Amino acid sequence: MLELRDVRAAYERIEVVRGVSFEVGEGEVVALLGPNGAGKSTTLKVIAGLLAPSSGDVFLAGRRVKGARPEALARAGLCLIPEGRGIFPNLSVRENLRVATHTGRRFADLEASAFDRFPRLADRRDQVAGTMSGGEQQMLSLARGLASEPGLLLLDELSMGLAPLVVESLYEKVREIAREGVSILVVEQFARVVLDVADRAAIMVNGTIRAMGSPEVVEQELHSAYLGGRSN
């Protein structure tokens, strides 16, 4: 579903992604792990068309999409859930969902799907989104993103600022979404919350992929790579 080939990206003269290559298969959950400043979120921006790579190629469902605009990528089945919740905080839950009807889905169908997946949102349907808990806001962000019925879902720091039990519940939903055939690339700083649901994982340090493999192998490498072993 997604392939990066030797992608490099920079902000002005500062290169932050240095020759990154990896794939995400259909219905696969891949975790991109690493410390702050590793280049993880920048990699997502390149994939989503928000930042042009300085070199390398990006393929979506086998098609070269380097240089494509974000709206074109969205129409092609890509959805990015950004860090910090992708919602309108001053609108109600239902109003946030209604905004998502730009995808062409009927509001009634979209609302039913969202409330079936996240029953708590049904209880909050008329509540202003910004007054909900962080976990509920993240549920709404996911529900809005899934309204476009994406083939590839990009998640940036889903766990940020949330309690461990809430994070565990959200990642169970991520697992369910993948079982429905959606390919998912998850960026996380905190590895343990995502390794239980990932099919594969990669460690990114200083703009490069240091290791990639099964969650078990990568978890062992995490300790030696940057949690107390080798220097960066």
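This text goes with the structure placed above it.
The residue numbering used here restarts from 1 in each chain and proceeds along that chain's sequence as written. Since the coordinates come from a predicted model, pLDDT governs what is reported: local features require at least 70, and pairs of side-chain atoms require 80 or more to be given and counted, while whole-chain, interface and lining totals use all residues. For the side-chain quantities, the full set of heavy atoms in the structure was used; hydrogens and water were omitted.

Colleague: Pulling in residues and values, what's your account of the overall build of the protein?
Modeller: A run of DSSP states H or I qualifies as a helix once it reaches four residues; a run of E qualifies as a strand once it reaches two. Both are numbered from the N-terminal end. A tally of helices and strands in the protein yields nine helices and ten strands. Only the C-alpha atoms count toward the radius of gyration. The rule for a globule is 2.2 Å times the residue count to the power 0.38. Taking 232 residues into account, the globule formula puts the C-alpha radius of gyration at 17 Å, and the protein, at 17 Å, falls close to it. Along the first, second and third principal axes, the C-alpha atoms of the protein reach 50 × 35 × 30 Å. Every one of the 232 residues in the protein was classed for burial, and the buried ones make up 48%. Burial classes follow relative accessibility: with a 1.4 Å probe on protein chains only, a residue under 20% of its type's maximum area counts as buried, one over 50% as exposed, and anything between as partly exposed.

Colleague: I'd like a rundown of unusual backbone geometry, residues and numbers included.
Modeller: A negative phi holds for most residues other than glycine; trans holds for most peptide bonds. Notably, Ala61 is not glycine yet its phi reads approximately 50 degrees, a positive angle. As for its placement among the helices and strands, Ala61 is situated in the loop between β4 (55-60) and β5 (63-64). On the basis of relative accessible area, Ala61 is assigned to the exposed category, the value being 56%. A positive phi angle, near 55 degrees, is found at Glu157, a position not held by glycine. Among the structural elements, Glu157 can be located in the loop between β7 (152-156) and α7 (164-179).

Colleague: Can you tell me about the packing of helix α6 (residues 134-146) against α7, naming the residues and giving the values?
Modeller: One can describe the packing of α6 onto α7 by two numbers: an axis separation of 10 Å at closest approach and a directional angle of 15 degrees. With respect to their mutual orientation, α6 and α7 come out roughly parallel. Between α6 and α7 lies a crossing whose hand is right-handed. Facing Gly135, Gln138, Met139, Leu142 and Leu146 of α6, the residues of α7 in contact are Val166, Leu170 and Ile177. To obtain each axis, a line is fitted to C-alpha atoms, and for helices this fit is confined to the stretch in contact; angles are then taken between N-to-C directions over 0 to 180 degrees. Each angle is binned into one of four classes, with values under 35 degrees roughly parallel, values over 145 roughly antiparallel, values of 65 to 115 roughly perpendicular, and all other values oblique. Crossings are sorted by hand: turned counterclockwise from the far helix by less than a right angle, the near helix makes the crossing left-handed, and turned clockwise it makes it right-handed. Here a residue-residue contact requires only that any non-hydrogen atoms of the pair lie within 4.5 Å.

Colleague: For the pairing of strand β2 (residues 14-24), give the residues involved together with the corresponding values.
Modeller: Any two strands with at least two DSSP bridges between them are considered paired. As paired elements, strand β1 (residues 2-11) and β2 share eight bridges and run antiparallel to each other. Following the sheet pairing, Arg8 is matched in β2 by Arg18. Hairpin connection from β1 to β2: two residues lie between these consecutive antiparallel strands, with Glu12 at a positive phi of about 55 degrees.

Colleague: Go over a negative patch on the surface, please, and point to the residues and values.
Modeller: A surface patch of negative charge is lined by Glu168, Asp196, Glu216 and Glu219. Within the secondary structure, Glu168 sits in helix α7. The exposed category is assigned to Glu168, whose relative accessible area is 52%. Residues forming no salt bridge and having over 30% relative accessible area are the ones grouped into patches, like charges within 9 Å of each other and nonpolar side chains (Val, Leu, Ile, Met, Phe, Trp, Tyr) within 5 Å. To measure how exposed things are, a 1.4 Å probe is used in the Shrake-Rupley method; for residues, cover is taken only from the protein chains shown. A side-chain nitrogen of Lys or Arg and a carboxyl oxygen of Asp or Glu constitute a salt bridge if their distance falls within 4 Å. Asp and Glu count as negative and Lys and Arg as positive, but His and the ends of the chain are not part of the count. To locate a charge, take atom NZ for lysine, CZ for arginine, CG for aspartate or CD for glutamate.

Colleague: Outline the side chain of Gln138, listing residues and values.
Modeller: The topology assignment puts Gln138 in helix α6. Residue Gln138 is classed as buried on the basis of its relative accessible area of 1%. A polar atom in the side chain of Gln138 sits 3.1 Å from the backbone oxygen of Leu158. Counted as a polar contact is a pair of N or O atoms within 3.5 Å, where, for protein atoms, one must be capable of donating a hydrogen and the other of accepting one, and residues adjacent in sequence contribute only when both atoms are in side chains.

Colleague: Account for helix α1 (residues 40-47), naming residues and giving values.
Modeller: With six of its eight residues buried, α1 lies for the most part within the structure. Of all the positions in α1, only Lys40, Thr42, Thr43, Leu44, Val46 and Ile47 are classed as buried. Of the residues trailing α1, Gly49 is marked for its positive phi of about 80 degrees.

Colleague: Please provide a residue-by-residue account of the nonpolar core, values included.
Modeller: Counting residues in hydrophobic clusters, the biggest one holds 48 residues, and the most contacted among them are Leu33, Leu97, Leu121, Leu153, Leu155 and Ile184. Take this core: its biggest share by element is six residues, from α7. Residue contacts for Leu153: discarding those within four places in its chain leaves Cys79, Ile81, Leu142, Leu146, Ile177, Val182, Ser183, Ile184 and Leu185. Put simply, a nonpolar core is a bunch of buried Ala, Val, Leu, Ile, Met, Phe, Trp, Tyr and Cys residues held in one set by side-chain atoms that sit within 4.5 Å of each other. By size, the runner-up hydrophobic cluster in this structure holds 27 residues, among which are Val20, Leu32, Leu51 and Leu154.

Colleague: Go over helix α4 (residues 107-117) with me, naming the residues and quoting the values.
Modeller: Those residues of α4 that sit buried are Phe107, Leu110, Glu111, Ala114, Phe115 and Arg117. Within α4, the buried residues cover an arc of 165 degrees as seen down the axis, which keeps them to one side. Looking at the buried residues of α4, the elements they touch are α3 (93-99), α5 (119-123), α6 and α7. Here the arc refers to the directions that run from the helix axis out to each C-beta atom.

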